[in-house]
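Residues per chain, in single letters:
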Amino acid sequence: MLLRAIFAKIIATEMKKAFILLTFALTVGISAAAQSARSERLAGHVYYFASDSLRGRAAGSADAAKARDYIVERYKECGLKPLSAGSYMVPFKREGKDYTDVVAVIEGNSLKDEYIVLGAHYDHLGVKSGRIYPGADDNASGVTALLSIARICNAMRADGRGPRKNILFVCFDGKELDMAGSRHFVRRL
């Protein structure tokens, strides 16, 4: 009888250890899977922006417009709201040519008249002398970081841990043209 009680206690203890180990393994596995998914998403953004299909995203070009549309879709996926008039697009002109900044907002919980601005430029050099300048280590990575921060901030807001101040996420066009997009944005404020 005593031997049976001892074995039962050992089995119960070992099962608790196995349960704890299994819970830990599942948590680590889920965390690793989430990390892997996040890494793949981030790499996917950089690869997209730096792809030859966007031909370096020269400011104001059709290729830059594709990048801009991609950003808008990511803003929507993250649950970000357009800054004004139901559109993420903030068009402007420079020397008669059309350009567009892409702006989204996460509304603050208490300081509604204060803003934090996070920005990156999505245009790059385009094609020069037949060579594509992809901008992977410049703006492709910068826009990817901005999209990642936007996703995290909006997830925190959805969990009730939102920011006190409004956060603006701005992807500028025209950086390669004397910072035209950011200059327009600042003047507009």
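Quick caveat, the model's predicted, so the values are computed rather than measured. (Residues numbered from 1 in each chain as written. Predicted model: local features only at pLDDT ≥ 70, side-chain atom pairs only at ≥ 80, totals over all residues. Heavy atoms only, no water.)

This brings us to the overall build of the chain. A tally of regular secondary structure across the chain gives four helices and seven strands. The buried share of the chain, reckoned over its 189 residues, is 35%. Considering only residue pairs separated by 6 or more positions, the chain has 69% of its internal contacts joining residues 24 or more positions apart. (Helix = DSSP H or I, 4+ residues; strand = E, 2+ residues; numbered from the N terminus. Buried < 20%, exposed > 50% of the residue type's maximum accessible area, 1.4 Å probe, protein only. Contact = heavy atoms within 4.5 Å.)

Looking at the chain as a whole, its pLDDT mean stands at 79, while 81% of the residues score no less than 70. Model confidence for the chain, summarised as mean pLDDT per element, is weakest for helix α1 (residues 2–49) at 57 and strongest for helix α2 (residues 62–78) at 94. Throughout residues 5–19 the model reports pLDDT below 50, and contacts reaching past four residues in sequence, or to other chains, amount to zero contacts. Throughout residues 21–28 the model reports pLDDT below 50, and contacts reaching past four residues in sequence, or to other chains, amount to zero contacts. (pLDDT = per-residue confidence, 0-100.)

It is worth spelling out unusual backbone geometry at this point. For R55, which is not a glycine, the phi torsion comes out positive at approximately 45 degrees. The topology assignment puts R55 in the loop between α1 and α2. Under the relative-accessibility criterion, R55 is labelled partly exposed at 42%. In this structure, S129 is a non-glycine residue whose phi angle is positive, near 55 degrees. As for its placement among the helices and strands, S129 is situated in the loop between β5 (126–128) and β6 (131–133). A relative accessible area of 85% places S129 in the exposed class.

With that settled, consider the pattern of salt bridges. Side chains that differ in sign of charge can pair as their charged atoms come close. Applying the stated criterion across every chain yields a total of nine salt bridges. The residue D63 makes a salt bridge to R55 at a minimum N-O spacing of 3.8 Å. Note that D63 is salt-bridged to K66, the shortest N-O span being 3.7 Å. Residue D63 and its partner K66 are both found in helix α2; the two are separated by three residues, about one turn of the helix. What makes D63 buried here is its relative accessible area of 14%. (Salt bridge = Lys/Arg side-chain N within 4 Å of Asp/Glu carboxyl O.)

One pass over the full model with this rule turns up one cavity of 30 Å³ or more. Estimates place the volume of the largest cavity at around 30 Å³. Lining the largest cavity are R41, L42, H45, R74, C78, L147, S148 and R151. Mapped onto the lining of the largest cavity, the elements with two or more residues apiece are α1, α2 and α3 (136–158). Among the residues forming the lining of the largest cavity, the class breakdown is three nonpolar, two polar and three charged. (1 Å grid on protein atoms, 1.4 Å probe; cavity = no way out; pocket = protein on both sides within 12 Å on 5 of 7 lines; lining within 4 Å. Points joined across faces, edges and corners; volume = space filled by probe spheres on them. Nonpolar A, V, L, I, M, F, W, Y, C, P; charged D, E, K, R; others polar.)

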